[in-house]
Structures are given as structure tokens and as C-alpha cells.
Amino acid sequence: MVEIWDNYGLPMVWMILKIIAIVFPIMLSVAYLTLAERKVIGAMHLRKGPNVVGPFGLFQPLADGLKLFLKETIIPSGANRGVFILAPCVTFVLALIAWAVIPFDKGMVLSNINVGILYLFAISSLGVYGILMAGWASNSRYAFLGAMRSAAQMISYEVSMGLIIITVLLCVGSLNLSDIVMAQREMWFIVPLFPMGVIFFVSTLAETNRHPFDLPEAEAELVAGYNVEYSAMTFALFFLGEYANMILMSAMTSVLFLGGWLPPFNAIPFTWIPGPVWFALKIAFCLFIFIWVRATFPRYRYDQLMRLGWKIFLPLSLAAVAIVSGILVAFNLTPNHG
Amino acid sequence: MIEALAFYIFSSIAVAAAFMVISARNPVHSVLFLILTFFNVAGMFVILGAEFLAMILVVVYVGAVAVLFMFVVMMLDINFVELRQGFLNYLPIGSLIGLVMLIELATLFGSWVVTPVIANRGLMPTPSPDITTNTHALGNIVYTHYVYLFQAAGMILLVAMIGAIVLTHRNRPGVKKQDIGRQLNRNPANSVEIRKVEIGKGI
Amino acid sequence: MPFENLPDLVPVLPEIFLALVIMSLLMFGVFQRGGRAETDVNTFRVISWMAVVTLIVTPLLVLSLAGSTLIGFGGLFISDPFSVFCKILVLIGSAGSLVMARNFLEEHDMARFEYPVLVVFATLGMLMMISANDLISLYMGLEMQSLSLYVIAAFRRDDTRSTEAGLKYFVLGAVASGMFLYGASLIYGFAGTTNFTILEQVLQRDTQDEYGQSLGIIFGIVFILSALAFKVSAVPFHMWTPDVYEGAPTPVTALFAIAPKIAALALFMRVMVGPFGDLISEWRQIIIFISVGSMLLGALAAINQRNIKRMMAYSSISHVGFALMGLAVGHDSGIRAILVYLTIYLFMNIGTFACILAMRRGGVMVEAIDELAGLGKTHPLMAAAMTVFMFSMAGIPPLAGFFGKLYIFLSVIQAELYLLAVIGVLTSVVGSFYYLRVIRLMYFEDPDEPLDRPVSREISLIATLAGLVTVLFFLYPDFLVLSAATASSALFLN
């Protein structure tokens, strides 16, 4: 009995504690990301934003959450019940399980697997299912159109995202996320791979269905797109999932291009600040750009969106793969592992 | 013990989900079960230590292929109940063929003979996961011993692409298309004409 | 530099050349695309001729490898006299069908540059099949060939019959591929390798005798055999053939009847006498069954056909039956006979399809056999050519077809498979009925309305060349027989 506890029980409890230590801050940041978004956009619009609930409106997210929690969940009579309820759960869970491989500092990662980046890519490519299922199960034209758009959009941008990830991997020689970060000790990849970093970030905008690519929920045409029929907690799960995805994508951008937990310069005043703080700062920076883009750019038309994905990003990233690997081979810069 | 447990969980769910794929009434549910099957198979790959394959399976099959399946199944309004009308008619002969196949497979495994020559060949060592990672091991083979097959597979995909375009792409006349180059090249000098209109005369 | 351990590319030179040409033709075509009809037709014409030139140049590259056995890519690829012989046949067949296709495609509004590109792609796949020395590379070649052929079968995409042909071919072809893969996985599971050279050692007679037969290997062979039988359209896997031949555009049918058949039969021979050569007592009865079935069905079912393409489909089934008879012999002389037979089959079929492509009325293809009525009066030359091909297919001496059959029968009798030989002779007598019916129609019936007069230059050129080969073969058969002997002995070297 004791042996089983020692071998399996204790590690499991330890693992659960670690998971909680990751999930809880993420949920908190999601809550405050919504507030930050409204505040930042308010500032950009020369308004105040939410400022009534609590000091500076700091309790606003809690009030919103409480409201959604207490409301009644409505399931449309024509809906496909099981799938309808499964959809928000899928979105939410997928947004959380991806964090298992994100390194917060050297060695500070839940599961340091060899194919971390592939895992991350796989999970992010699954995000489309929540939306597709929601759109189909709602049995509503708006929701369905939104889901269709979203599916096409996410698949299109995944292609160039994958290719850009390959350019990064070419420079690293490993699929392990910690290795990717450590390869950026000398220089963050955003510098040598500059245009790729930008394309990657734009693709993450499309991948998370954020402005200016938020066609799946374009309120002007589709009311609210795939989540038009959702209310209360089911809606809250979508909402949480979407924002958690934003944070995840920012983390991915930070790991791939902004040096993860590494300070910008390997010199004294910077190295005093611990790695996780640098990582959080970088994520916050990316999130700020997310919000900034939302406040400034008009929505893309659907054909423009597809054109950007297939006719501009795809050729550019394909060319980048060829060029980067060519340069690495020509100047004998290929990383050597194993 | 954990590994065996995980194996039984993954494999039983995979088989059950695969059965549901063919027996579910709703085609969308079928696709969802198919995804579940893929996931469990990926899980089994992980148990085998083939983590790279597991991830690629998820990325390619779940992330892309099944999405397109789902896309098509949702878009097409197929009455699957109608399609299954003939099912019962073909059931006897179908199950007969299935039974024959089953007996054949049983005899096959019943008389399993592995000659020593073959047994020795089957022991070709794969590199141990302690020495090298999945990705390196695969890369070392795919780009050296199997480069011919790798390139051939690429050519086959190219054929598939050409085929899809040839069979579906049409140049429709009379469709308005945005020509961004032309839009950007427009300037006031060649698109706006300013005329002075005299009062009471018009143009 | 990382180029020091580059694999030996010399044996693969023809394939690499073709692949590079395909890619450049594709780029050329894509960037020529103006969207206007005339420019599209021009592009098609240019690319079509360039593809033909490529297919004519490639045999020279292939010939440069003749006379020696080279193994490339660590045993995945083999280039020996056998592969050289078959590759040249395939290349001639593809080039011929491409030359004949140009006019037809332009007149039927299908002149898109992808057609020649896909034909060259299919040819590349066939070359890879012929040269495969491993189950995996075999599968790669097979898939590349089949995938391109599925697409060009449906190339006339606004025509229901063409799309039906493409779809049927695709679905059944996918099943065949599945069977092949299943068989290959069984072989791999029981033999521990996919390489032909090693398989041959593993499956040697004496080891098998000593330790007992592994049933799994036999199962694998049966599955692979079924898949290959599907690809050569042998009974009982022939069902797709008439529909696909009838539905596909005629130049595509011509291609189907010639090049893939030769490639698949070459594959059949290499797989059966190579790695599984020592298991001949196990697979011989299957081959005999397939062969007898194909000959019988091809002879009987063709009698009732009204559509000439359907008739040719059944004719090709029976020809495959004859060829497989040689495989049942299982040694040198049988393989040599098949190679001779295939060469003659190639020329007879190109010629026949050239004549079929010339069957037009008012610029539109006609396909009924009755349309040939009175051809002897309206088109004496074309009728003469058609007569030569029909007589040759029926096996009337001294035309080439007779010699093809002769060599096969000789080898079968040598191997003491008398019953098989008797069935072969009988079916060939029955089969000559429908070939002769075409000739009777042409000379002894009155025409309703004559077919279009000027036959395009390319088609008459090809019909003439093929006709000359068929007629004059008996003058100088040594060249072909000797090179076929060299080629076939290469399969039995070790």
C-alpha cells in the first residue's frame, strides 16, 4: 500500500498541485485581460473604460463572471444537445492543456517533452473543433456561417504558421521548447528572422479569430457568429477559452521569437529580474499588441483574408524555409545535436 | 503497470470509438468519434515511445484531414438513413465474406511459422530512445536511406494537387475580382477629372 | 560540405530527368496562363510537343544504362536490362498516345496544359514501378502512376461518363492499393524486410523446406497478386476496365490500354519471379487461373459489344491473359515470350487506337463499331491499316501478333502446361471472331454516311508506322527476340 502511494499517489498529488499552480494564474490573467482590453481600448478611444465596480474598476471581471455564472443556461430546442454542450468545454480545455509544455523558466515546465513545439502546434490546430461543433450544434444559420468561416480561416493560417515554426526549428535543431529558448541566448529570433516573426504574429491573430480577422463572430453580419446561441456558463467557457488562447499564442510568440524567459541582454541589471517575470512581461507586450490591433484596424473582408493567407503568407513562409535552410547550409551554421 | 493500464484504456476506447464511427446515425457524430479514435491511437504511439508520430498524427489527421471531413459532412445535406436503405439487403452476403475473411485470418495466425532467417532479420535494431530522439532518428533515415521515397511521396502529392486543380478549377467569366495592384496604382490624376461647371449650363 | 555522401544517382538518371522536365513544364504552363482560350490552346500545344520530345529523349538516357545491373539508393531502385527494355516500351507507348491526343483534345475543348504534364507524371510513375526493387518504392511508383491516371480519366470533367470513369477507376484503384498494402505489410511482418534482393534470400526454397512454409507469406503474395491483377485488369479484377475504357476520353483510353498495362505486367514479372521466384509452386496455380479466366472472358464478352472502346477493353483483357500464360511458365523462356508479346501488343494497340481516333463525323468522335461499315470504300488506307491490326490481334500469320502468340505457346508447351496451351489456342480462335467481324463490316457492308475525310497528320503517321512494324516484323524478328532474351535473363541472374 505504502509503496503504491509512494510510486503513484505522491507524484500524482504533486502533479495536480503543479497544474493548479499553472491554471490558477492563467485564469486570473484571463479575467484581468478582459479588463485590460476594455481599459486600453478606452484609453485609445479617449474614454475611461470600466471604472465603477471597485477601485479603478478592478472588480469588474469578477462582477462579469458572477453574472454569467448565475444566469440560466439556455439550450435551443433544435440544438444537438451533446455536441452543443461539448463544444465550449473543448474550446476551454484545449486552451488550458497546451500550457503543459510552456517553459516559464529554465527547468520550470510541467512536461519537458522532446516534441514540445509539435504538441503546441497540434493543440492549437484543434481549436477549430470547438468552433465547428458549436456552429453546427446550434442549428442556426449565423452560427453555422461563423463556424464555416472560422474553420477555413484557421486551416489556411495554420499552414503558414507551421512553415514559420519550421524556420525557427531549422535554427534550433530541436523541437523542445526549452531548447528553443536557450538557442536564443545570443540573439532573439525576432532579429534574424524578422519578417517571419511578424507573419507569425499576424497568423496568430487569425488563429485566435481576433481582429482584424474576427470574421467568425463579425457582429455586423453574423450577430455573434458561432456563439450566437450560447448563454451563461457555456458562453463564459467560450469567452475564457478565447482569451486563454490569446495568452497562449502570446506565450508561443514569446518562446519562438522573443527569447522566452531570457532577459533582453545578458547583463547585470537585467539578470536580476527572474525569468518568469521576463516571460510574463513579453506575454503582456504581445497581448497589448493584440488589443492595440483591435482598436486600430478595420475588419478584413473574407476574400481578402483568404488572399492574405494563401497568396502572401504561404509563399513568403515557403520561401523563408528555403532561404533559411539555404543560408544555414551555405555558411555551415546548422545546429549540431546528437 | 501504468503503461499496461494506459494501453488498455487507449486501445479499448479506440476500438469502441471506431465502432461508433460506423454505427453512429449522425454523420457529424461519426466524424467526432473518428477524431476520438485518432486521439487514442496517438496515445498508443506515445506509449510506444513514438512521440513524433503521435504529434504528427494529431496535427495531420485531427488538425487537418478530419476538419475537412467535418467541413464536407456539415456542408452536404446527405440523408444517411436513405443511404443505408440497402444495408440489410447486403447484410447476409457481407457477413458471409466477413466470416470467410475471419476464418482465413484465424488459420493464418494459427499456423504462424517464423523461420530463423526471418526471425534474425526481424531483429534489426532501431536506435534506443536514450541515445537519440525520435525526430533525429527519423530525420537521419528519411533524408538518407529513404530520400528516394521521400521525394517520390512529394511528387505524388504534387500530382494530387494538380489533379484537384484540374478537376475543379474553372475560370468563370464575368466575376468581379479585386485587383489590388490596380487599386493601388490609381491616383487622383488618372481617375478623377475636375471640371468647372458653369452655372445653369451643366456638363 | 554536406554533399559528400550523396547517393549514387546514375541509375535513376532517366527518372530524375523526367521529374525535372515535369516541374519545368508545369512552371512554364502556370506562368503562361492568360485565361484566354487561344493562349491556353497555344500553351497546351507547346507543352504537349515538349512533353513528346521529352518522352522521345528519355529512352536515350535509359539506353545509356543498358547492359549492366545498377542498384541505387541502398537497394530501393534497380536498373537492369529488363527494366531498360520495359521502360523503352512504356516510353514509346506514352509518347505515341500523347501525339495522338493533341488533335482530339483541342477539338473537344479539353486543351489544357495539365494533360501532357499528367501523362508524363504517369510515365514517371511507370518507370519507377518498373525499376522498383523494394515493396515501398513499388508502391510509390504505383500510386504516382495511378493517381495521374485517375485524374486524366476524368479529364473531360463536364462529361458524366468521363467523370464516372474517373471515379470508378479511383474507388476501385484505391481498394486495390489497399490490398497491396495489406499484402505488403504481411510480407514485411513475416519476412522482416521489404527489399526484393533480401526477400529472395529469405524465401529461398531450401530454408522454406527446412523450417516449413510460412502461411503469412503466402497470404501476402495472394493479396499482392490480387492488387497487381487489378492493375493489369485481369479476371476476376477486370470489372472496371470496360466502363473506364468507354467513359474516358479516347486518347486516355489509348494510353490506358498501352503504357500502364506494360508497366504493370513488368512489375508482375519482377515481383513474381524475383523475390517470390522460389515459391512458384504456390503462385503458379493462381496465375494459371487468372490467365485462363482472362482469356475466356476477353474472348466471349467482346463478341456482343457495340462500342469499339468496350471491345478493345475486352480485347486487352484477353491479351493480358495470354501474357500471364507466359508468367505461369515461370522461367526464362516464358518471360522472354511475354516481353516479345508486349512489344507487339504495344504496336498493334497504338495502331488500332490511331484508327479509332480517326473515326470522326462532323468533327465529333463516333464510337460504335457499326460506324466502320463500308470503310473499305470510303477510306481504303485506313481500312487497310485497321485490317492489318485486327488480323494481327487475331493472330493470323505472318503478322506480328502471330509471332507474339507463337512464342508464348512455345514456352508454355516447353513447360508442359498442355491444358493451358489448348485453352489458349481455343480462346484465340473464339477471339478472332470479333476481330474478323470488324473487317467484315469494313469491306462487306455499305456505309450510311462516310466518316470525316482528312485524317490528321499525326494520327496517320502513327497508324502507318505501327502498321509497318506489324506487317514487316516477320522479316527481322531476331533483334526483338534477342534483346528480350537479354532482358529476361537479367531477372534470373542470381
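Details of the structure are given in the entry above.
What you are looking at is a predicted structure, and each value in this text was computed from that prediction instead of being measured.

### Quick look at the layout of surface pockets
Residue and element names in this part refer to chain A.
1) Next: Taken as a whole, the second largest pocket encloses approximately 990 Å³ of empty space.
2) Next: Those elements that place two or more of their residues in the lining of the second largest pocket are helix 1 (2-44), helix 2 (60-70) and helix 9 (232-257).
3) Next: Sort the elements by how many residues they give to the lining of the second largest pocket and helix 1 lands first, with nine residues.
4) Next: For the lining of the second largest pocket, a count of residues per class yields 19 nonpolar, five polar and 11 charged.

### Details of the interface of chain A and chain B
1) Next: Listed per partner, the contact involves 29 residues of chain A and 28 residues of chain B.
2) Next: For the pair chain A and chain B, the summed buried surface comes to about 2,400 Å²; carbon and sulfur atoms form 77% of the total.
3) Next: Connecting chain A to chain B are zero salt bridges.
4) Next: Our count for the chain A to chain B interface comes out at four residue pairs in polar contact (both at pLDDT 80 or more).
5) Next: For the side of chain A that touches chain B, the secondary structure elements donating two or more residues are helix 4 (116-137), helix 5 (141-172) and helix 12 (302-330) of chain A.

### A word on the environment of Glu 449 of chain C
1) Next: In this structure, Glu 449 of chain C sits in the loop between helix 18 (418-444) and helix 19 (457-472).
2) Next: Taking the C-alpha atoms as reference points, Glu 449 of chain C and Val 252 of chain C, separated by 197 residues in sequence, lie 27 Å from one another.

### Side note on the nonpolar core
1) Next: Counting residues in each nonpolar core, the largest one holds 204 residues, and the members touching the most others are Tyr 115 and Leu 327 of chain C.
2) Next: Looking at this core, the element that brings in the most residues is helix 11 (residues 250-273) of chain C, giving 18 residues.
3) Next: Excluding anything up to four places from it in sequence, Tyr 115 of chain C contacts Phe 44, Leu 98, Ala 101, Leu 105, Ile 152, Phe 155, Pro 251 and Val 252 of chain C.
4) Next: Within the second largest apolar cluster, 118 residues are counted, among which are Ala 244, Leu 256 and Val 293 of chain A together with Phe 38 of chain B.

### Describing the side chain of Asp 214 of chain A
Residues and elements named next belong to chain A.
1) Next: Mapped onto the secondary structure, Asp 214 falls in the loop between helix 7 (194-207) and helix 8 (219-222).
2) Next: On the basis of relative accessibility, which here comes to 4%, the residue Asp 214 falls in the buried class.
3) Next: A polar side-chain atom of Asp 214 sits 2.8 Å from a polar atom in the side chain of Arg 299.

### A word on the interface of chain C and chain B
In many reports, interface size means the accessible area that the parts give up when they come together.
1) Next: Taken residue by residue, the interface counts 45 residues in chain C and 35 residues in chain B.
2) Next: Both sides of the chain C and chain B interface together cover about 3,600 Å² of buried area, and 78% of this is carbon and sulfur.
3) Next: Across the chain C-chain B interface, the total number found is zero salt bridges.
4) Next: Viewed at the interface, chain B and chain C are joined by three residue pairs in polar contact (both at pLDDT 80 or more).
5) Next: Among the secondary structure elements, those contributing two or more residues to the side of chain C that touches chain B are helix 1 (13-32), helix 4 (114-130), helix 5 (135-153), helix 6 (160-191), helix 7 (196-202), helix 8 (205-211) and helix 9 (215-231) of chain C.
6) Next: It is helix 5 of chain C that contributes the most residues to the side of chain C that touches chain B, eight residues altogether.
7) Next: Class assignment for the residues of the side of chain C that touches chain B results in 30 nonpolar, 10 polar and five charged.

### What about the environment of Phe 403 of chain C?
All names here are of chain C.
1) Next: Mapped onto the fold, Phe 403 is located in helix 17 (residues 400-414).
2) Next: The class of Phe 403 is buried, set by a relative accessible area of 16%.
3) Next: Note: C-alpha distance between Phe 403 and Arg 440 (37 residues apart in sequence) is 24 Å.
4) Next: When neighbours within four sequence positions are excluded, Phe 403 is seen to be in contact with Pro 398, Phe 473 and Phe 474.

### What to know about helix 5 (residues 87-110) of chain B
1) Next: Here helix 5 of chain B contains 24 residues, and its C-alpha end-to-end distance of 32 Å stays within 8% of the 34 Å for a straight helix at 1.5 Å per residue.
2) Next: Helix geometry: helix 5 of chain B is bent most strongly at Ile 93 of chain B, by close to 35°.

### As for helix 3 (residues 51-75) of chain B
1) Next: Between its first and last C-alpha atoms helix 3 of chain B spans 34 Å; for 25 residues at 1.5 Å apiece the expected length is 36 Å, and the two agree.
2) Next: Along helix 3 of chain B, the sharpest kink reaches roughly 30°, centred on Ala 66 of chain B.

### A word on unusual backbone geometry
1) Next: A cis amide bond links Val 235 of chain C to the next residue, Pro 236 of chain C, at an omega of 5°.
2) Next: Note that Pro 236 of chain C resides in the loop between helix 9 and helix 10 (240-247).
3) Next: Residue Pro 398 of chain C is reached from Pro 397 of chain C by a cis peptide bond, and omega for that bond is 5°.
4) Next: When you line up the elements, Pro 398 of chain C lands in the loop between helix 16 (380-394) and helix 17.
5) Next: The phi torsion at Asn 139 of chain A lies on the positive side, around 60°, for a residue other than glycine.
6) Next: Here Asn 139 of chain A shows up in the loop between helix 4 and helix 5.
7) Next: When its relative accessible area of 54% is taken as the criterion, Asn 139 of chain A is described as exposed.
8) Next: The phi dihedral of Ser 233 of chain C is positive, around 55°, even though this residue is not glycine.
9) Next: Topologically, Ser 233 of chain C is positioned in the loop between helix 9 and helix 10.

### Examining a nonpolar patch on the surface
1) Next: Taken together, the side chains of Trp 5, Leu 10, Met 12, Val 13, Trp 14, Ile 16, Leu 17, Ile 20, Phe 24 and Leu 28 of chain A make up a nonpolar region of the molecular surface, amounting to roughly 1,100 Å² of accessible area.
2) Next: In this structure Trp 14 of chain A comes out as exposed when scored by relative accessible area, which is 54%.

### Observations regarding empty space enclosed by the protein
1) Next: This model, assessed by the stated rule, comprises nine cavities of 30 Å³ or more.
2) Next: What the largest cavity holds in volume is close to 110 Å³.
3) Next: As for the largest cavity, its lining consists of Thr 91, Gly 127, Ile 131, Met 154, Glu 207, Thr 208, Asn 209, Glu 217, Tyr 226, Phe 238, Glu 242 and Asn 245 of chain A.
4) Next: Going through the elements one at a time, helix 4 and helix 9 of chain A are the ones with two or more residues in the lining of the largest cavity.
5) Next: Here the lining of the largest cavity is composed, by residue class, of four nonpolar, five polar and three charged.
6) Next: Size it by volume and the second largest cavity reaches roughly 70 Å³.
7) Next: Around the second largest cavity, the lining is made up of 14 residues, and of these Ser 318, Phe 322, Thr 427, Ser 428 and Gly 431 of chain C lie nearest the centre.
8) Next: Of all the elements in the fold, those that place two or more residues in the lining of the second largest cavity are helix 12 (280-301), helix 13 (308-329) and helix 18 of chain C.
9) Next: The greatest single-element share of the lining of the second largest cavity, amounting to six residues, is contributed by helix 18 of chain C.

### Some words on the pattern of salt bridges
Residue and element names in this part refer to chain C.
1) Next: Throughout the structure, instances matching the rule amount to 23 salt bridges over all chains.
2) Next: In this structure, Arg 161 and Glu 246 form a salt bridge, with 3.2 Å as the shortest nitrogen-oxygen distance. Of this pair, Arg 161 sits in helix 6 while Glu 246 sits in helix 10, placing them 85 residues apart in sequence.
3) Next: For Arg 161, a relative accessible area of 36% translates into the label partly exposed.
4) Next: Residue classification places Glu 246 among the buried positions, given a relative accessible area of 18%.
5) Next: A cluster of three or more residues bridged by salt bridges with shared partners is formed by Arg 161, Glu 164, Lys 168, Asp 243, Glu 246, Lys 309, Arg 310 and Glu 367.

### Comments concerning the packing of helix 4 of chain C against helix 5 of chain C
Residue and element names in this part refer to chain C.
1) Next: Contact geometry of helix 4 with helix 5 gives a least axis separation of 7 Å together with a crossing angle of 155°. On the basis of their axis angle, the class for helix 4 and helix 5 is roughly antiparallel. As helix 4 runs across helix 5, the sense of the crossing is left-handed. Across the interface between the two elements, Tyr 115, Leu 118, Val 119, Phe 121, Ala 122, Leu 124, Gly 125, Met 126, Met 128 and Met 129 of helix 4 pack against Leu 138, Met 140, Gly 141, Leu 142, Met 144, Gln 145, Ser 148, Leu 149, Val 151 and Ile 152 of helix 5.
2) Next: Within the contact of helix 4 with helix 5, the residues separate by chemical class into 16 nonpolar, four polar and no charged.

### Here's the deal with the packing of aromatic side chains
1) Next: As enumerated under the stated definition, the model contains 30 aromatic pairs over all chains in all.
2) Next: Taking 5.8 Å as the distance between ring centres and 35° as the angle between the ring planes, the aromatic pair formed by Phe 288 of chain A and Trp 292 of chain A counts as tilted. One end of the pair, Phe 288 of chain A, and the other, Trp 292 of chain A, are both in helix 11 (residues 275-296), four residues apart, so they sit about a helical turn from each other.
3) Next: Exposure remark for Phe 288 of chain A: the relative accessible area of 35% places this residue in the partly exposed category.
4) Next: Residue class for Trp 292 of chain A comes out partly exposed when judged on its relative accessible area of 44%.
5) Next: Aromatic pair Tyr 182 of chain C and Phe 223 of chain C: ring centres 4.8 Å apart, planes at 85°, arrangement edge-to-face.

The rules we used
Residues numbered from 1 in each chain as written. Chains lettered and ligands numbered in written order. Predicted model: local features only at pLDDT ≥ 70, side-chain atom pairs only at ≥ 80, totals over all residues. Heavy atoms only, no water. 1 Å grid on protein atoms, 1.4 Å probe; cavity = no way out; pocket = protein on both sides within 12 Å on 5 of 7 lines; lining within 4 Å. Points joined across faces, edges and corners; volume = space filled by probe spheres on them. Helix = DSSP H or I, 4+ residues; strand = E, 2+ residues; numbered from the N terminus. Nonpolar A, V, L, I, M, F, W, Y, C, P; charged D, E, K, R; others polar. Contact = heavy atoms within 4.5 Å. Buried area = accessible area lost by both parts, 1.4 Å probe. Salt bridge = Lys/Arg side-chain N within 4 Å of Asp/Glu carboxyl O. Polar contact = N/O pair within 3.5 Å; in protein donor to acceptor, adjacent residues only side chain to side chain. Core = buried A, V, L, I, M, F, W, Y, C linked by side-chain atoms within 4.5 Å. Buried < 20%, exposed > 50% of the residue type's maximum accessible area, 1.4 Å probe, protein only. Expected span 1.5 Å × (residues − 1). Bend = angle between axes of the 7 residues up to and from the residue. Patch = residues over 30% accessible without salt bridge, like charges linked within 9 Å, V, L, I, M, F, W, Y side chains within 5 Å. Areas by Shrake-Rupley, 256 points an atom, 1.4 Å probe, with all protein chains shown as cover. Axes fitted to C-alpha atoms, helices over the stretch in contact; angles between N-to-C directions. Parallel < 35°, antiparallel > 145°, perpendicular 65-115°, else oblique. Left-handed = near helix turned anticlockwise from the far one by under 90°. Phe/Tyr/Trp six-rings, centres within 6.5 Å; stacked < 30°, edge-to-face > 60°.

These values are about where atoms sit, not about what they do.
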